[in-house]
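# Architecture at a glance
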Amino acid sequence: MYYELARSSWGPEEIEAIEEIVKKGFFTMGENVRKFEEAFAQKFGSRYAVMLNSGSSANLIGVASLFFRKNNPLQRGDEVIVPAISWATTYHPLQQYGLKLKFVDVELESLNMDVSQLEKALTPKTRMVVAVNILGNPCALDTLRDFCNRHGLILFEDNCESMGATLNGKQCGTFGDIGTFSFFFSHHISTMEGGIALTNDQETFHLMRSLRAHGWTRDIPADSPIFEKKDQDFFEAYRFILPGYNVRPLELSGAIGLRQLEKLDAMVETRRKNATLFQKLFQGDERFILQRENGSSSWFAFTVILNPSKGLDRKKIMRALKDADIGYRIITGGNFLRHDVIKYYDYEIVGTIKNADVAHDWGFFVGNHPVDLSEQIKTFHMVLTRAADGL
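Below, the structure is looked at part by part. One numbering rule holds for all chains: residues counted from 1, following each sequence as written. For this predicted model, a pLDDT threshold of at least 70 governs which residues receive local features, and a threshold of 80 or more governs which side-chain atom pairs are given and counted, while totals over whole chains, interfaces and linings are taken from all residues. The side-chain figures draw on all heavy atoms in the structure; neither hydrogens nor water molecules are used.

## Here's the deal with the packing of helix 2 (residues 31-43) against helix 9 (residues 251-282)
Angles shown run from 0 to 180 degrees and are taken between the N-to-C directions of axes, each axis being a line fitted to C-alpha atoms and, for helices, limited to the stretch in contact. In DSSP terms, a helix is any run of H or I states spanning at least four residues, a strand is any run of E spanning at least two, and both are numbered starting from the N terminus. Running from N to C, helix 2 and helix 9 point in directions that differ by 30°, and their axes come no closer than 7 Å. Looking at the two axes, helix 2 sits roughly parallel to helix 9. When you trace helix 2 past helix 9, the crossing you get is left-handed. Only E251, G254, A255, G257, L258, L261, L264 and D265 of helix 9 make contact with helix 2, whose side of the interface consists of E31, N32, V33, K35, F36, A39, F40 and K43. Note on residue classes: Ala, Val, Leu, Ile, Met, Phe, Trp, Tyr, Cys and Pro are nonpolar, Asp, Glu, Lys and Arg are charged, and everything else, Gly too, is polar. Among the residues forming the contact of helix 2 with helix 9, the class breakdown is 8 nonpolar, 3 polar and 5 charged. The scheme is simple: roughly parallel for angles under 35 degrees, roughly antiparallel for over 145, roughly perpendicular for 65 to 115, oblique for anything else. Crossings are assigned a handedness: left-handed for a near helix turned anticlockwise from the far helix by less than a right angle, right-handed for a clockwise turn. Residue contacts follow a heavy-atom distance rule, with two residues in contact if any of their heavy atoms lie within 4.5 Å.

## What to know about unusual backbone geometry
For residues other than glycine, phi is negative in most cases, and the peptide bonds are mostly trans. Its identity is not glycine, yet L135 carries a phi of approximately 50°, on the positive side. Mapped onto the elements of the fold, L135 is located in the loop between strand 4 (126-132) and helix 6 (141-151). The class for L135 is buried, based on a relative accessible area of 1%. Of note in this structure, D325 is not a glycine but carries a positive phi near 65°. In this structure, D325 sits in the loop between helix 10 (314-323) and strand 12 (347-349). Partly exposed residues are those whose accessible area sits between 20% and 50% of the maximum for their type, while under 20% is buried and over 50% is exposed, using a 1.4 Å probe and protein chains only.

## Some remarks on the sheet that holds strand 11 (residues 301-306)
In space, the 3 strands of this open sheet follow the order 10-11-13, with antiparallel pairing throughout. This sheet does not close on itself; its edge strands, each paired only once, are strand 10 (288-290) and strand 13 (363-367). Taken over all neighbouring pairs, the strand axes of this sheet differ in orientation by 30° on average, direction set aside. In this analysis, strands are considered paired if DSSP registers two or more bridges between them. Strand direction decides the pairing type here: strand 11 and strand 13, joined by 5 bridges, are antiparallel. Bridge pairing links A301 to G367 in strand 13. Strands in contact with helix 12 (residues 374-388) are strand 10, strand 11 and strand 13; relative to strand 11, the strand with the most contacts, it is inclined by about 10°.

## Things to note about helix 7 (residues 202-212)
Of all 11 residues making up helix 7, 10 are buried, and the element is well covered by its neighbours. Taken together, the buried positions of helix 7 are E203, T204, F205, H206, L207, M208, R209, S210, L211 and R212. The inward-facing, buried residues of helix 7 abut helix 2, strand 1 (48-52), helix 3 (55-66), strand 8 (178-182) and strand 9 (195-199). Two or three places before E203, at the opening of helix 7, D201 has a side-chain oxygen 3.4 Å from that residue's backbone nitrogen. Within two residues after helix 7, H214 carries a phi angle of roughly 70°, on the positive side. Any pair of N or O atoms that falls within 3.5 Å is considered a polar contact. Within protein, one atom must be able to donate a hydrogen and the other to accept it, and sequence-neighbouring residues count only if both atoms are side-chain atoms.

## Some points on the nonpolar core
Residues grouped as a nonpolar core are buried Ala, Val, Leu, Ile, Met, Phe, Trp, Tyr and Cys residues, joined through side-chain atoms within 4.5 Å. Core analysis: the largest hydrophobic core is formed by 56 residues, its most contacted members being L94 and M128. With 6 residues, helix 3 is the single largest residue contributor to this core. Ignoring sequence-local partners within four residues, the contact set of L94 consists of V63, V80, V82, L99, L101, M128 and V130. Ranked by size, the runner-up nonpolar core spans 24 residues in total, among them F282, F288, W299 and L312.

## Concerning the packing of aromatic side chains
Any two of the Phe, Tyr and Trp rings considered here, Trp counted by its six-membered ring, make a pair once their centres fall within 6.5 Å; the pair's planes then place it as stacked at under 30 degrees, edge-to-face at over 60, or tilted in between. One pass over the structure, following the stated rule, counts 25 aromatic pairs. The interplanar angle of 55° and the centroid separation of 5.1 Å between the aromatic rings of F44 and F181 together place this pair among those described as tilted. Of this pair, F44 sits in the loop between helix 2 and strand 1 while F181 sits in strand 8, and the two are 137 residues apart along the sequence. Here F44 and F181 have matching classes, each one buried. Ring plane angle 50° and centroid distance 6.0 Å describe the contact between W299 and F302, whose orientation is recorded as tilted. With respect to class, W299 is no different from F302; both count as buried. Sitting over a ring, as applied to charges here, requires NZ of Lys or CZ of Arg to be within 6 Å of the ring centre and within 35 degrees of the ring normal. A cation over an aromatic ring shows up here: K170 above the ring of F175, its NZ or CZ 5.3 Å from the ring centre.

In structure tokens:
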């Protein structure tokens, strides 16, 4: 494809890392995963990191851990405030653990949660807020952190699309009590499949490690606060203390992650250079609503919302992009409330959901990659504007 949604960020270093693991013949989670967890935590200034087989699993394990804390655990029926736009597996673990979701609208320009709705969404049953940084763009994390602190709420930060983004000099993914990241093929670093959860709380860290691997104690230190070790080593080898999963990453993914992490800063900088050109080309054209940067975005992709007031022919524009061999998709799944799966949820809508619908019906994104995309971006601008002009 001339301008694809995603492309590989691997080089010979990643292939070499795979070959080294193949030669050793040990493929399940091991030394390279541990080293990657340590390097990732250090890179992002967090005390603890737990690598998983996907960012979706990071969300699942992170949410699950909050139900097994000794003090003040989450309980079924508790309420959680969420934005109307995010990826499906931001929401699914919340439903699967029996939480009630309070949906608030997003800002049309930033595509992130409209924090002016937080007080309306708050009830005596509110226990958590999920912050989502959409497509590289930090949401109002400082406001959300302050809101949660004032009301004694958990802040869960889904940063799966926004690795490398910062707000006020602080890394996104580190504002929450738990922060999650994804290493899928199209994301800022890729380990084939993979994800990670960060926390500064030791109990949460140990809970996530146990939940990641069967709910057993094998990966937990003997002096852990989440269980008391017994003297029977035979039984301790297979001692299950939590209703866990098997969402462990591969040793291959850990080895690849170490190579990719070394490239992260340079890859994000290239994405930002591409974004500078993208913004320049569309500047002042009111037919198109671009994502307004908050803080310093890591520019996962480039979003465009066709301004509904300008009478553009959406079908014609989509056809022109397809004919030009330019890939495009709905913005992060669009308004989640409009997907069939919502029938399985316990939820409530706070206020009106207007902007998420506009983004759903009139918005799309095209790819951004850690290579120079000047020609592709210029072509995209030409194709889009010509189609909007009716040419």
